[in-house]
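Listed here are the chains, written in short residue letters.
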Amino acid sequence: MGCPVFNRDAYEVTVMEETLPLSALNQYAYCPRRCYLIHAEGEFKDNVHTIRGTLEHERVDRSHSRGQGNIRIEYALPVWSDTLGLSGRCDVVEFHPDGAIYPVEYKHGKRKRWINDDLQLAAQALCLEEMTGKPVARGAIFHQQSKRRREVVITETLKQAVREAAKSIRITLNGAKCPPPLQTPHSGRCGECSLRTICEPEMVGAAPVLSDIAKTLFEPEEDLP
Ligand code: SF4
C-alpha cells in the first residue's frame, strides 16, 4: 500500500480568525488565571521552560512534509473546528495507509502524564475529525528530553472535557475578573510558571490578610487618660 496523499493547501485557506487557540486549552487546564493573563490581558513572559518549548516547536515546524515508508507526515499543519471555535497547528500529523490519522504533539521535558497536554491533543483530534470526516482514535505526546512517545487514546471522556473546557474558557475570557491564583494541592505548578512575577500568587493570596492589617493601621488609638 502506498503513502497516503494529503492536500494541505485545500485546507489552509479556510482557517477561521475568531477562534480560541488550541494552546489556550492547555493553559486553562494548567491554570485558569494563566490562561486569562495571556489571552485576555495579553501578558506573556518566557522562562527556561517556555523557551525550550518554543525552540522545540520551531524546530519541528521547519521540517517539511514527507513520506516515511507508507506513512505521510505533515508538520505544523493548521487545524480548526467551526463547531467548537478552535484553531491552531498540529506539530505533526501522520496519515497511515490504513486510513488512521495520528496527531503528535511535541513537548520538552521528560515523559510524564499531564492532563493539559492530553486535552490539547484531544482538541487537535476533534479538529482533524471535523476537517477530514474521519475518526481520530489515538495520538501521542512526544517528550523531547526522553525522546519517547506517550500514546493517548482519544476517549469520549477526553473529547467531552475539551468541549467543556472550550465553553469555560470563553466564559472566563469574556468575564471582567481574573481568576484567583491556584491553591493547594495545585499551587506547586506556580514554581514552573513563567508568569509568576506578573501573577504574584503569594501577594494575591495574602491580600485579605494585608487588607485586615491595613484597616488596623488606620484605626484611631484609644484616648489616653
Ligand atoms: S503563578 Fe501560579 S497562579 Fe499564577 S498564573 Fe502561574 S500557575 Fe497560575
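Look a little higher up for the structure.
My aim in this report is to walk through the structure given alongside it, one point at a time. These numbers were taken from a predicted model, which means no experiment stands behind them. (Residues numbered from 1 in each chain as written. Predicted model: local features only at pLDDT ≥ 70, side-chain atom pairs only at ≥ 80, totals over all residues. Heavy atoms only, no water.)

Digging into the packing of aromatic side chains
Using the following cut-off: Stacked, tilted and edge-to-face are the three classes applied to pairs of Phe, Tyr and Trp rings, where Trp contributes its six-membered ring and a pair requires centres within 6.5 Å; stacked means planes under 30 degrees apart, edge-to-face means over 60, and tilted covers the rest. Secondary structure elements are defined from DSSP: runs of H or I of at least 4 residues count as helices, runs of E of at least 2 residues count as strands, and each element is numbered from the N terminus. Think of it in three bands: with a 1.4 Å probe and only protein chains considered, a residue is buried below 20% of the maximum accessible area for its type, exposed above 50%, and partly exposed in between.
Using the criterion set out here, one finds one aromatic pair in the structure. Relative to Phe142, the ring of Tyr106 has its centre 4.8 Å away and its plane inclined at 40°; by these criteria the two rings are tilted. Pair noted here: Tyr106 is in strand S5 (residues 101–107) and Phe142 is in strand S6 (residues 138–143), with a separation of 36 residues, a long-range link. Phe142 matches Tyr106 in its accessibility class, with the two residues each being buried.

Regarding the nonpolar core
The criterion, for reference: Nonpolar cores were defined as sets of buried Ala, Val, Leu, Ile, Met, Phe, Trp, Tyr and Cys residues, with membership established by side-chain atoms within 4.5 Å. Contacts: residue pairs with any heavy atoms within 4.5 Å of one another.
Of all hydrophobic cores here, the largest spans 33 residues; its most connected members are Leu25, Val79, Leu86, Leu128 and Val162. When residues of this core are traced back to their parent elements, those giving at least two are helix H2 (22–30), strand S3 (71–81), strand S4 (86–95), helix H5 (115–132) and helix H6 (156–174). The biggest single contributor to this core is H5, with nine residues. Residues contacting Val79, with those up to four places away along its chain left out, are Leu22, Leu86, Ser87, Gly88, Arg89, Cys90, Cys127, Leu128 and Met131. In terms of nonpolar packing, the next biggest core, distinct from the first, is built from nine residues, Leu37, Ile38, Cys190 and Cys199 among them.

Thoughts on the environment of Ile169
Positionally, Ile169 belongs in helix H6. The exposure class assigned to Ile169 is buried, which follows from its relative accessible area of 0%. As a C-alpha pair, Ile169 and Ala29 span 140 residues in sequence and 9.7 Å in three-dimensional space. Excluding anything up to four places from it in sequence, Ile169 contacts Leu20, Ala24, Leu25, Tyr28 and Cys35.

Considering the pattern of salt bridges
Put simply, the rule reads: A pairing counts as a salt bridge when a side-chain nitrogen of Lys or Arg comes within 4 Å of a carboxyl oxygen of Asp or Glu.
Per the stated rule, a full pass over the model turns up nine salt bridges. A salt bridge links Asp118 to Arg150, with the shortest nitrogen-to-oxygen separation between them at 2.8 Å. You can see Asp118 sitting in helix H5 and its partner Arg150 sitting in strand S7 (residues 148–153), a full 32 residues away along the chain. Among the charged side chains, a salt-bridge network with shared partners connects Glu105, Lys107 and Asp117.

As for the packing of H2 against H5
Note the following rule: Lines fitted to C-alpha atoms define the axes here, with helix axes fitted over just the stretch in contact, and angles between the N-to-C directions of these axes take values from 0 to 180 degrees. Angle categories are assigned with fixed cut-offs, so that under 35 degrees is roughly parallel, over 145 is roughly antiparallel, 65 to 115 is roughly perpendicular, and the rest are oblique. Take the far helix as your reference; a near helix turned counterclockwise from it by less than a right angle gives a left-handed crossing, and one turned clockwise gives a right-handed crossing. Classes in brief: Ala, Val, Leu, Ile, Met, Phe, Trp, Tyr, Cys and Pro nonpolar; Asp, Glu, Lys and Arg charged; the others, Gly included, polar.
Axis separation between H2 and H5 bottoms out at 8 Å; the angle between their running directions is 150°. What the angle tells us is that H2 and H5 run roughly antiparallel. Classified by chirality, the crossing of H5 by H2 is right-handed. Residues Leu22, Ser23, Leu25, Asn26, Ala29 and Tyr30 of H2 form the contact with H5, whose own contacting residues are Asn116, Asp117, Leu119, Gln120, Ala123, Gln124 and Cys127. Here the residues of the contact of H2 with H5 are counted per class, giving seven nonpolar, five polar and one charged.

Side note on the packing of H5 against H6
Orientation of H5 relative to H6, taken along the N-to-C sense of each, is 90°, at an axis distance of 9 Å. One finds that H5 runs roughly perpendicular with respect to H6. Contacts between H5 and H6 involve Ile115, Asp118, Leu119, Ala122, Ala123, Leu126 and Glu129 from the former and Leu158, Lys159, Ala161, Val162, Arg163 and Ala165 from the latter. For the contact of H5 with H6, the residue count by class is nine nonpolar, no polar and four charged.

Details of helix H3 (residues 32–39)
A large share of H3 lies buried, amounting to six of its eight residues. Regarding H3, the residues found buried are Arg33, Arg34, Cys35, Tyr36, Leu37 and Ile38.

Remarks on the pairing of S5
Put simply, the rule is: Here, any two strands with at least 2 DSSP bridges between them count as paired.
Within S5, seven of the seven residues are buried, which leaves the element mostly enclosed by the surrounding structure. Alternating positions in S5 separate into two faces, Ile101, Pro103, Glu105 and Lys107 on one and Tyr102, Val104 and Tyr106 on the other, with burial throughout. In textbook terms, the turn of a hairpin is the stretch between consecutive antiparallel strands, and for S4 and S5 this stretch comprises five residues, one of which, Gly99, has a positive phi near 100°. Relative to S6, S5 runs parallel, the two being bridged by four bridges. The partner of Glu105 across the bridge, within S6, is Ile141.

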